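Each chain is listed here by its residues.
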Amino acid sequence: MSLRILLVEDDRELRATLREALGVEGYEVQPAASLADARALLRQAGTSSGMDLVLLDLGLPDGDGQSLLAELRRSSNCPVIVISAREAEGQKIRLLDEGADDYLVKPFGIGELLARLRVALRHRGHRSQPAVLSYRHGGLDIDLRTRRVRRDGGEVHLTPTEFELLARLVRQAGQVVTHRQLLADVWGPEHTEQTHYLRLYMGQLRAKLEADSADPLHLLTEPGVGYRIAEPDADA
Ligand code: CA
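Residues numbered from 1 in each chain as written. Predicted model: local features only at pLDDT ≥ 70, side-chain atom pairs only at ≥ 80, totals over all residues. Heavy atoms only, no water.

> Report on the overall build of the chain, specifying residues and quantitative values.
Looking only at helices and strands, the chain has eight helices and 14 strands in total. Relative to a compact globule of 236 residues, whose C-alpha radius of gyration would be 18 Å, the chain shows 19 Å and is just as compact. C-alpha atoms of the chain, sized along the principal axes, occupy 55 × 35 × 30 Å. For the chain, the residues scored as buried account for 46% of the 236 residues in total. The long-range fraction of contacts in the chain, counting pairs at least 24 apart against all pairs at least 6 apart in sequence, stands at 62%. Carbon and sulfur atoms form 48% of the exposed surface of the chain, whose accessible area is close to 11,500 Å². Between the averaged position of the 30 positive side-chain charges in the chain and that of its 36 negative side-chain charges there is a distance of 4 Å. (Helix = DSSP H or I, 4+ residues; strand = E, 2+ residues; numbered from the N terminus. Rg over C-alpha atoms; globule rule 2.2 N^0.38 Å. Buried < 20%, exposed > 50% of the residue type's maximum accessible area, 1.4 Å probe, protein only. Contact = heavy atoms within 4.5 Å. Areas by Shrake-Rupley, 256 points an atom, 1.4 Å probe, with all protein chains shown as cover. Lys, Arg positive; Asp, Glu negative; His and termini not counted. Charge placed at Lys NZ, Arg CZ, Asp CG, Glu CD.)

> Can you explain the coordination of the calcium ion? Please cite residues and give values.
Coordination of the calcium ion by the protein is provided by D10 (OD), D57 (OD) and G59 (O), with metal-donor distances spanning 2.2 to 2.4 Å. All donors of the calcium ion come from a single chain, and their spacing in sequence reads D-x46-D-x1-G. Remark: G59 occurs in strand β4 (residues 59–60) and D10 occurs in the loop between β1 (4–8) and α1 (12–24); sequence separation between them is 49 residues. In this structure D10 comes out as partly exposed when scored by relative accessible area, which is 33%. By relative accessible area, which is 37% here, G59 ends up partly exposed. (Donors = N, O, S within 2.8 Å, 3.2 Å for Na, K, Ca; no water.)

> Describe the environment of D101, with residues and values.
Structurally, the position occupied by D101 is in the loop between α4 (89–97) and β7 (102–105). If we skip the residues at most four places from it in the chain, D101 touches R73, C78, P79, V80, L96, A120, R124 and Q175. Side chain to side chain, D101 and R73 meet in a polar contact 3.4 Å long. (Polar contact = N/O pair within 3.5 Å; in protein donor to acceptor, adjacent residues only side chain to side chain.)

> Can you break down the side chain of H137 residue by residue, with the values?
Turning to its location among the elements, H137 is positioned in strand β8 (residues 134–137). Within the structure, the side chain of H137 is placed 3.4 Å from the side chain of D233, a separation counted as a polar contact. For H137, the residues in contact, after removing those within four places along its chain, are L217, H218, A230, E231, P232 and D233.

> So, the pairing of strand β2 (residues 28–32): which residues are in play, and what are the values?
Here β1 pairs with β2 via five bridges, running parallel. The residue of β2 that forms the bridge with L6 is Q30. In this region the chain leaves β1, passes through α1 and returns to the parallel neighbour β2; the handedness of that crossover is right-handed. (Pairing = 2+ DSSP bridges. Right-handed = clockwise from strand over helix to strand, strands pointing away.)

> Give me the domain arrangement of the chain: which residues, what numbers.
For an interface, size is often stated in terms of accessible area lost upon the parts coming together. Split into domains, the chain comes out as domain 1 (4–123) and domain 2 (134–229). Inter-centroid distance (C-alpha atoms) of domain 1 to domain 2 is 28 Å. Across the boundary between the two partners, domain 1 contributes 12 residues, which contact 13 residues of domain 2. Per-residue buried area on domain 1 facing domain 2 is highest for L96, D97 and H123; these three make up 41% of the total on that side. Applying the counting criterion to the domain 1 and domain 2 interface returns two salt bridges. A salt bridge links D97 to R180; the shortest N-O distance between them is 3.9 Å. One can count two residue pairs in polar contact (both at pLDDT 80 or more) joining domain 1 with domain 2. Sorting the residues of the side of domain 1 that touches domain 2 by element identifies α4 and α5 (110–125) as the ones contributing at least two each. (Domains from an automatic or database assignment. Buried area = accessible area lost by both parts, 1.4 Å probe. Salt bridge = Lys/Arg side-chain N within 4 Å of Asp/Glu carboxyl O.)

> Go over the packing of aromatic side chains, please, and point to the residues and values.
One pass over the full model with this rule turns up two aromatic pairs. Taking 5.5 Å as the distance between ring centres and 50 degrees as the angle between the ring planes, the aromatic pair formed by W187 and Y197 counts as tilted. Here W187 is found in the loop between α7 (179–186) and α8 (195–209), whereas its partner Y197 is found in helix α8, with 10 residues between them in sequence. Judged by its relative accessible area of 18%, W187 is buried. With a centroid separation of 5.4 Å and an interplanar angle of 65 degrees, the aromatic rings of W187 and Y201 are classed as edge-to-face. Of this pair, W187 sits in the loop between α7 and α8 while Y201 sits in helix α8, placing them 14 residues apart in sequence. The pair W187 / Y201 is uniform in exposure class, with both members buried. One aromatic cluster is present, formed by W187, Y197 and Y201 through successive ring pairs. (Phe/Tyr/Trp six-rings, centres within 6.5 Å; stacked < 30°, edge-to-face > 60°.)

Pasting the structure below:
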């Protein structure tokens, strides 16, 4: 059975392009040009869980896509990827903190969209399966159970906080995690403003894990928003 994607986008041309590209990949696309269309399709699907993923534009003729994100989050854990021309950092952070799984700024490449989509679906699909416990990508090998980290076969020693930060990113590998989420989960909810902790510890992690910490392969910065660990190798 193919996965169903609700595509909420009022730009007719982009809607057609995405519908076709996603169709070629085997997804069943339900297009909606407005919030009203989207809500009608969600009702038709029975519950919002009738969709496997939502691609959500923000600027829509009858309102802001953000209101639909809020409605979806109240009723389901269906992954939502925001696609928008708005690239203000504050906006991205707010949407991610409010439960969007990812955010793509237009214009974006189809390859990038497909990659983000696979990551979001995999994370949700794994809900009933064992949690992510290991990670392998370009010479980096992380085992969360044994707390063992290797780089090019050699053991890397991490402090407990460095390890917790790395583990938090690995559990959501391929997805951006906001500064606030990282600080709350690693240091505690009272530390969500201490972004200097993150800069310090990411610097230390990169020094230990990256060949060139100025040009990281694994620990990627989403400027002003947060961090993302690169998508793991397919066989990991
Ligand atoms: Ca729009």
